[in-house]
Number of protein chains: 2
Amino acid sequence: MIPVSPLKRIVIAGGGFGGMALAKALRNKPYQVVLIDKNNYHTFQPLLYQVATGGLEPDSIAFPLRKVFHGAENVVFRMAEIINVDFDKKNVDTTIGTIAFDFLVLATGSANNFFNNTSVAENAMTLKSVSEALNIRSLVLQNLEAALVADEKDRQALLNIVVAGAGPTGVEVAGALAELRRHVIPNDYPELKNLAINIYIVEASERVLASMSEKSSEKALLFLKKLGVIPRLNVKLDSYDGNTAVLSDGTIIPTKIVVWSAGVKGKLTGGIPESVITPGSRIEVNSFCQVKGFDSVYALGDVAMLSSKENPKGFPMVAPVAIQQADLIAKNFLRMKEGKELKAFHYFDKGSMATVGRNKAVVDLPFISFQGLFAWFAWMFVHLMSLVGFRNKLMVFINWLWSYFSYDRAVRLIIRPYKKK
Amino acid sequence: MIPVSPLKRIVIAGGGFGGMALAKALRNKPYQVVLIDKNNYHTFQPLLYQVATGGLEPDSIAFPLRKVFHGAENVVFRMAEIINVDFDKKNVDTTIGTIAFDFLVLATGSANNFFNNTSVAENAMTLKSVSEALNIRSLVLQNLEAALVADEKDRQALLNIVVAGAGPTGVEVAGALAELRRHVIPNDYPELKNLAINIYIVEASERVLASMSEKSSEKALLFLKKLGVIPRLNVKLDSYDGNTAVLSDGTIIPTKIVVWSAGVKGKLTGGIPESVITPGSRIEVNSFCQVKGFDSVYALGDVAMLSSKENPKGFPMVAPVAIQQADLIAKNFLRMKEGKELKAFHYFDKGSMATVGRNKAVVDLPFISFQGLFAWFAWMFVHLMSLVGFRNKLMVFINWLWSYFSYDRAVRLIIRPYKKK
């Protein structure tokens, strides 16, 4: 099933930022690399929210993994889901059969964390994959269509939207929905013009973008308010039954859509020893990203927990950590071949950014923080340059230009109507 | 559910070429127009085959219907499916309730016709909608992924593709698949390089593109052969159980994908009197496109059968007929208002065209027929200009330029894996 090779085999589980970067760094190097992902494409997750809000088509932010590895004869891609890993027998069970490894790198990323709140888990929409983003896009539009023909008593629930969690994803979704409401809905749905379409953002902590600087948080909150988003800070989403969201302060919001962006955890496969799993479902690794106690198994990125004195809670679950860890692991594999000793991971934090809307973004760099128009351009530039492939960069750039000048969100199509399971 | 209006109400069933053109022609005219479609977008069907073969994203060939009618206060769009029509009570039952009409225009288009062949109906893929096109795209790619890990005995069925029917859709699909095989598969799937990926096109008549000139048919056949498509003329697909296609001459082709483009019929709703339904499920109309015996009900395009001495079998089921009939009906509605008598339909046949691949198209105009590179440019120009909206034109144009110079089909993503029901 996997071509036989005289080289040692590195199986990489997951083609996200970390897994793809690692496989790229090992192209045409003296290892056989088997990259496994359940999709045949890499997803540029930071722009999923634009797919969910009709700004971009999914094809612009997804890139065929096979294309990344054209001409790299030592890299084998397999589209499969990993069911179980066996660190001792050194193999992984997948939907296409068992694959043996010499080295395994777990780069499975993160999953939604509902903190055992089953009503939310069952009824909220999430934004971790292209199809989840398309489901949100469909449902937002389906609700508007339904609102046109609904009885008055049912209508408000179809017009309210609750975003739970005001991290970057939550803020970006809420902002983009607010712009959709302002620029698209009045033209598309003139019959809804005089009705209140309320967008709430609910955040348990006392500020939005809590991981960023206070100044950025303040500005982001201001931007959200300017766009007419209703922020509810210091409040949690207690329950959501598909019709009514109940907040921890007792507020009741009738709504047919809750977008959950209030928690992530490591995405584990079966077979990972409990002894190395930390509370956030992340796998404990040493400073070489090796899973504690298993020299030949690595974990990186969101699913890895590398704690140190400076960083007792591990590194943030963001793409740059995964990519830098991938680069380190690749280097160490090559050093290993040369009999050199492994190098330890050091994170270079380039800063962080988030966008709320048109001309409204916030940027924290190590020594400076800025907000507004210039931050928005910086945000666009960084994201454009980070996209995989020239075609995707071009398509996203044209779409952004188009949206900027037309105030339009072109992709408001319900291609596959969302049906609740 | 529909705003009350002092104007007479025209309900248009279907937002395809005909229905959309009619509603556009009636913008800001003294009628209330209620346009109903099960999708919130218009589909540019002639390019669906490019979605099915990874050349275009669906969003480039679909256009939000609501956007077409910005500012047209007399046009109401409703996303709904029509279940039943009642010509006498003058109302239509839909998934969102019953809607009364003064005039009804049936513009429901066409459906796949399997001529009662249930094995084919159950197992073949079709290409009448965006989601069907996406299913074909997914399945073609899923089969290639599966072929990599299949046992030798199962592999050939995953690599063979059968296209049934060599009308424009069949020829275009087969040609595009052949180009995908030539330019993309060797790079994406080097492990399949030495295996035969066979693309068959099966046609019951003695030539491909039988509705076009003999010269165009000949050339199209030559183009298909040049691309390595295996044509099987004078042969029908007798059965297909999901694994094996059996042709009328006894040929057995193991295949996991059959694309059915060998038959269409009118797409009817419930409640249409049997007396006006002709054998191809089309509705008999008079020269004003009024359904025989019902002055206030019209049918146009694929679902209408307007037969005359010159045209005993009715007009071809193509977009220009639907659009010209829509224009006539709109004019007649306005003449009616002015007390003038209705005008009869006259079809202006501008010709027809089909493309097989890069630099390979055929064009029949009323007095001239040409094939090859110039025909291909003509085909592209006409299709580009016919697309709705500047953004879609731009996106398709850039994609075509990109594909032309890179030989790539960028959109080879399995966003929603196809699962057999």
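Here the residue numbers are simple positions, counted from 1 along each chain's written sequence. To label them, take the chains in the order written and letter them from A, then take the ligands in the order written and number them from 1. Residues qualify for local features only when their pLDDT is at least 70, as the model is predicted, and side-chain atom pairs are given and counted only at 80 or more; totals for whole chains, interfaces and linings, by contrast, use all residues. Only hydrogens and water are set aside; all other atoms, that is, all heavy atoms of the structure, feed into the side-chain values.

It is worth spelling out the overall build of chain A at this point. Secondary structure elements follow DSSP: runs of H or I no shorter than four residues count as helices, runs of E no shorter than two count as strands, and numbering proceeds from the N terminus. What chain A contains, in helices and strands, is 13 helices and 24 strands. Only C-alpha atoms enter the radius of gyration; for comparison, a globular chain is expected to reach 2.2 Å times N to the power 0.38, where N is the number of residues. Relative to the globule expectation of 22 Å for 421 residues, the C-alpha radius of gyration of chain A, 22 Å, shows essentially globular dimensions. Taking the principal axes of its C-alpha atoms as reference, chain A extends roughly 70 × 45 × 40 Å. Per-residue accessibility, obtained with a 1.4 Å probe over protein chains only, is compared with the maximum for each type, and a residue is labelled buried under 20%, exposed over 50%, and partly exposed between these values. Relative to its full complement of 421 residues, chain A shows a buried share of 58%.

For the rest of this paragraph, the subject is the confidence of the model for chain A. Parts of the prediction with low pLDDT should not have their coordinates interpreted in detail. The pLDDT value expresses, per residue, how confident the predictor is, ranging between 0 and 100. Mean pLDDT over chain A works out to 96, with 100% of the residues at or above the 70 mark. Here the complex is predicted with pTM 0.95, and the ipTM for its interfaces comes to 0.94.

Turning next to helix H11 (residues 319-337) of chain A. All names here are of chain A. In this model H11 runs 27 Å from its N-terminal to its C-terminal C-alpha over 19 residues, within 8% of the 27 Å that 1.5 Å per residue would give. Among the residues of H11, Val321, Ala322, Gln324, Gln325, Ala326, Leu328, Ile329, Ala330, Asn332 and Phe333 are the ones counted as buried. Every residue pair with non-hydrogen atoms within 4.5 Å of one another is taken to be in contact. For H11, the secondary structure elements touched by its buried residues are strand S1 (9-13), helix H1 (17-25), strand S9 (103-106), strand S20 (297-299) and strand S21 (304-305). Multiplying 1.5 Å by the residue count of a helix minus one yields the expected span of that helix.

All right, on to the environment of Leu7(B) then. Residues and elements named next belong to chain B. Positionally, leucine 7 belongs in the segment before strand S1 (9-13). The spatial distance from the C-alpha of leucine 7 to the C-alpha of asparagine 74 is 8.8 Å, given a sequence separation of 67 residues. If near-sequence neighbours (up to four positions away) are discounted, leucine 7 is found in contact with Lys29, Pro30, Tyr31, Gln32 and Asp102.

We now examine the interface of chain A and chain B. Size of an interface, as often reported, equals the accessible area lost when the parts are brought together. Residue-level contacts link 48 residues of chain A with 47 residues of chain B. Defined here as a combined quantity, buried area equals the accessible surface (1.4 Å probe) lost by two parts on assembly, summed across both. For the pair chain A and chain B, the summed buried surface comes to about 4,400 Å²; carbon and sulfur atoms form 58% of the total. Among the residues of chain A in contact with chain B, Arg66(A), Arg391(A) and Arg416(A) are the three that bury the most area, contributing 16% of the side total. We count a salt bridge whenever a side-chain nitrogen from Lys or Arg sits within 4 Å of a carboxyl oxygen from Asp or Glu. Across the chain A-chain B interface, the total number found is 10 salt bridges. Between Lys67(A) and Asp408(B) there is a salt bridge, with the nearest N and O atoms lying 2.3 Å from each other. Polar contacts, as counted here, are pairs of nitrogen or oxygen atoms within 3.5 Å of one another; within protein the pair requires one atom able to donate a hydrogen and one able to accept it, and residues that are adjacent in sequence qualify only if both atoms are side-chain atoms. The interface formed by chain A and chain B contains 22 residue pairs in polar contact (both at pLDDT 80 or more). Elements with a minimum of two residues in the side of chain A that touches chain B: helix H3 (58-61), strand S4 (62-64), helix H4 (65-68), strand S5 (75-79), helix H6 (130-149), helix H9 (185-188) and helix H13 (390-406) of chain A. Per-element tally for the side of chain A that touches chain B: the top contributor is H6(A), with 10 residues. Here the residues of the side of chain A that touches chain B are counted per class, giving 27 nonpolar, eight polar and 13 charged. Put simply, Ala, Val, Leu, Ile, Met, Phe, Trp, Tyr, Cys and Pro go in the nonpolar bin, Asp, Glu, Lys and Arg in the charged bin, and everything else, Gly too, in the polar bin.

Residues and elements named next belong to chain B. What makes two strands pair is DSSP finding at least two bridges between them. Judged by pairing direction, the sheet is antiparallel, and its three strands sit side by side in the order S14-S15-S16 without closing on themselves. Each of the sheet's edge strands pairs with one partner strand only, and the pair in question is strand S14 (237-240) and strand S16 (252-254). Going from strand to strand, the sheet's axes swing by 20 degrees on average, the running direction of each strand aside. Note that strand S15 (residues 244-247) and S16 share three bridges and pair antiparallel. Note that in S16 the partner of alanine 245 across the bridge is isoleucine 253. Each axis is a line fitted through C-alpha atoms, and for a helix only the stretch in contact is used; angles between axes span 0 to 180 degrees, taken between their N-to-C directions.

Quick look at the sheet that holds strand S14 (residues 237-240) of chain A now. All names here are of chain A. Taken in spatial order, the three strands line up as S14-S15-S16 in an open sheet, and their pairing is antiparallel. Looking at strand neighbours, the two that pair on one side only are S14 and strand S16 (252-254), the edges of this open sheet. This sheet shows a mean twist of 20 degrees between the axes of neighbouring strands, independent of strand direction.

Here the copies are superposed with least squares, the fitted atoms being C-alpha atoms of residues at a pLDDT of at least 70 in both. Expressed as a screw operation, the relation of chain A to chain B combines 0.0 Å of axial shift with a rotation of 180 degrees, fitting to an RMSD of 0.0 Å. Overall, the copies show the geometry of a two-fold rotation axis. Both copies present the same face, since 98% of the interface residues in chain A are matched by interface residues at the equivalent positions in chain B.

A word on the pairing of strand S22 (residues 352-357) of chain B. Residue and element names in this part refer to chain B. Counting buried residues along S22, five of its six residues qualify, which places the element largely inside the surrounding structure. Bridge count for S22 against strand S23 (residues 360-364) is five bridges, and the pairing is antiparallel. Bridging across to S23, threonine 355 finds its partner in alanine 361. Following S22, the chain reverses through two residues before pairing antiparallel with S23; asparagine 359 in that reversal takes a positive phi of roughly 65 degrees.

The next thing to look at is the packing of aromatic side chains. Pairing of aromatic side chains here covers Phe, Tyr and the six-membered ring of Trp, requires ring centres within 6.5 Å, and sorts the geometry by plane angle: under 30 degrees stacked, over 60 edge-to-face, intermediate tilted. Applying the stated criterion across every chain, the model contains 34 aromatic pairs over all chains. Taking 5.0 Å as the distance between ring centres and 65 degrees as the angle between the ring planes, the aromatic pair formed by Phe103(B) and Phe333(B) counts as edge-to-face. Taken together, the residues Phe103(B) in strand S9 (residues 103-106) and Phe333(B) in helix H11 (residues 319-337) connect sequence positions 230 residues apart. Assessed through its relative accessible area of 13%, Phe103(B) is described here as buried. Within the aromatic cluster, the residues linked to one another by ring pairs are Tyr31(A), Phe103(A), Tyr298(A) and Phe333(A). Lying over the aromatic face of Tyr31(A), Lys337(A) brings its terminal NZ or CZ to 4.9 Å of the ring centre. Between the NZ or CZ atom of Arg358(A) and the centre of the ring of Tyr407(A), over which it lies, the distance is 3.6 Å. Only lysine NZ and arginine CZ atoms are considered, and such an atom sits over a ring when it is within 6 Å of the ring centre and within 35 degrees of the ring normal.

Moving on: the packing of helix H1 (residues 17-25) of chain B against H11(B). All names here are of chain B. One way to put it is that H1 packs onto H11 with a least axis distance of 8 Å and a crossing angle of 30 degrees. Judged by the inter-axis angle, H1 sits roughly parallel to H11. Read as a crossing pair, H1 and H11 show a hand that is right-handed. Of the residues in H11, those in contact with Phe17, Gly18, Ala21, Leu22 and Ala25 of H1 are Ala319, Ala322, Ile323, Ala326, Ile329 and Ala330. Should an angle fall under 35 degrees it is taken as roughly parallel, and over 145 as roughly antiparallel, whereas 65 to 115 is taken as roughly perpendicular and any remaining angle as oblique. Handedness of a crossing is defined here by the sense of rotation of the near helix relative to the far one, left-handed for an anticlockwise turn of less than a right angle and right-handed for a clockwise turn.

This brings us to empty space enclosed by the protein. A probe matching the size of a water molecule, rolled over the atoms, marks out where space remains unfilled. Here a cavity denotes a set of grid points, spaced 1 Å apart and computed over the protein atoms alone, in which a 1.4 Å probe fits but from which it cannot get out, and a pocket denotes an open set meeting protein on both sides within 12 Å along at least five of seven lines; residues with an atom within 4 Å of a point are reported as lining. Grid points are joined across faces, edges and corners, and a volume is the space filled by probe spheres set on the points. Scanning all chains against the criterion turns up eight cavities of 30 Å³ or more. Put simply, the largest cavity is a space of about 290 Å³. Forming the walls of the largest cavity are 19 residues, and the residues nearest its centre are Gln50(B), Glu179(B), Trp376(B), Trp400(B) and Arg409(B). Residue assignment for the lining of the largest cavity shows that the elements contributing at least two residues are helix H2 (48-52), helix H8 (168-183), S22, helix H12 (373-386) and helix H13 (390-406) of chain B. Considering each element in turn, the lining of the largest cavity owes the most residues, four residues, to H8(B). For the second largest cavity, the calculated volume is near 190 Å³. Forming the walls of the second largest cavity are 15 residues, and the residues nearest its centre are Leu134(A), Ile415(A), Pro58(B), Leu134(B) and Ile415(B).

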